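# Coordinate analysis (summary)
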Amino acid sequence: GAGYTEENWPIITGQDAELMATKHIISGKQTMSIAKDTRILAEKCVTMVQAVLEGKEPEINDTEQYNNGVMVVPTYMCDPVAVDKDNYKEILVDSGYYTEEQIQNAGK
């Protein structure tokens with residue numbers, strides 16, 4: 001509706017590589033998205049909470065980057081991965097994060 005065509009389609013990016021975004025990446029409506037595997041995020045969260053509950057030090061891998069305006073907060077940083085049309089299958093499907101069927105049925 002804004003007058004874009006395939007020849008002048010803008011670069012559109014996103015974050016979290018959600019199902020609909022992945023479907024748009026495959027179709028060419030979106031260029032890429034950043035994926036952070038929530039399975040890893042959840043696992044790290046659970047192990048960090050467990051360590052604190054047991055009086056142990058939680059696993060962290062960064063003590064410099066995350067400043068909340070009051071202090072630098074020790075954290076566990078997960079590696080972001082750029083997902084595009086060429087690698088979505090390897091990153092999202094082959095890893096078991098999504099199935100091809102989930103992607104195809106997104107938005108239905």
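Before reading on, note that the structure itself is shown above.
Please read these numbers as outputs of a predicted model, since none were measured by experiment. Each chain has its residues counted from 1, running along the sequence as written. pLDDT decides what is reported in this predicted model: residues at 70 or higher carry local features, side-chain atom pairs at 80 or more are listed and counted, and totals for whole chains, interfaces and linings draw on all residues regardless. Calculated side-chain values reflect all of the structure's heavy atoms, with hydrogen atoms and water omitted.

### A short note on helix α1 (residues 19-27)
Buried within α1 are the following residues: Ala21, Thr22 and Ile25. What you see down the axis of α1 is that its buried residues fit within an arc of 100°, all on one side. Residue contacts follow a heavy-atom distance rule, with two residues in contact if any of their heavy atoms lie within 4.5 Å. Here a helix means four or more residues in a row that DSSP labels H or I, a strand means two or more in a row labelled E, and each is numbered from the N terminus. The secondary structure elements touched by the buried residues of α1 are β2 (32-35), β3 (81-84), α3 (88-93) and α4 (100-104). Type-normalised accessible area, obtained with a 1.4 Å probe on protein chains alone, sets the label of each residue: buried when under 20%, exposed when over 50%, and partly exposed for intermediate values. Here, the arc refers to the directions that run from the helix axis to the C-beta atoms.

### Topic: the environment of Asp37
With respect to the helices, strands and loops of the structure, Asp37 is situated in the loop between β2 and α2 (38-53). Pairs of N or O atoms within 3.5 Å make up the polar contacts considered here, provided that, within protein, one atom can donate a hydrogen while the other can accept it, and that residues adjacent in sequence are counted only when both atoms are side-chain atoms. A polar atom in the side chain of Asp37 sits 2.7 Å from the side chain of Arg39.

### Quick look at the pattern of salt bridges
When a carboxyl oxygen of Asp or Glu is within 4 Å of a side-chain nitrogen of Lys or Arg, the pair counts as a salt bridge. Under the counting rule described, the total for this entry stands at five salt bridges. A salt bridge links Asp37 to Arg39; the nearest nitrogen and oxygen atoms lie 2.7 Å apart. Residue classification places Arg39 among the partly exposed positions, given a relative accessible area of 38%. Among the salt bridges present, the one from Lys44 reaches Glu59, with a minimum N-O distance of 3.0 Å.

### Quick word on the sheet that holds β2
Any two strands with at least two DSSP bridges between them are considered paired. An order of β1-β2-β3 is seen for the three strands of this open sheet, with the pairing classed as mixed. Edge positions in the sheet fall to β1 (13-15) and β3, since each has one partner strand and no second. Sheet twist, expressed as the mean angle between neighbouring strand axes with direction ignored, is 25°. Where β2 lies against β3, four bridges are found, and the strand directions are antiparallel. To obtain an axis, a line is fitted to C-alpha atoms, over the contacting stretch when the element is a helix, and the angle between two such axes runs from 0 to 180 degrees between their N-to-C directions.

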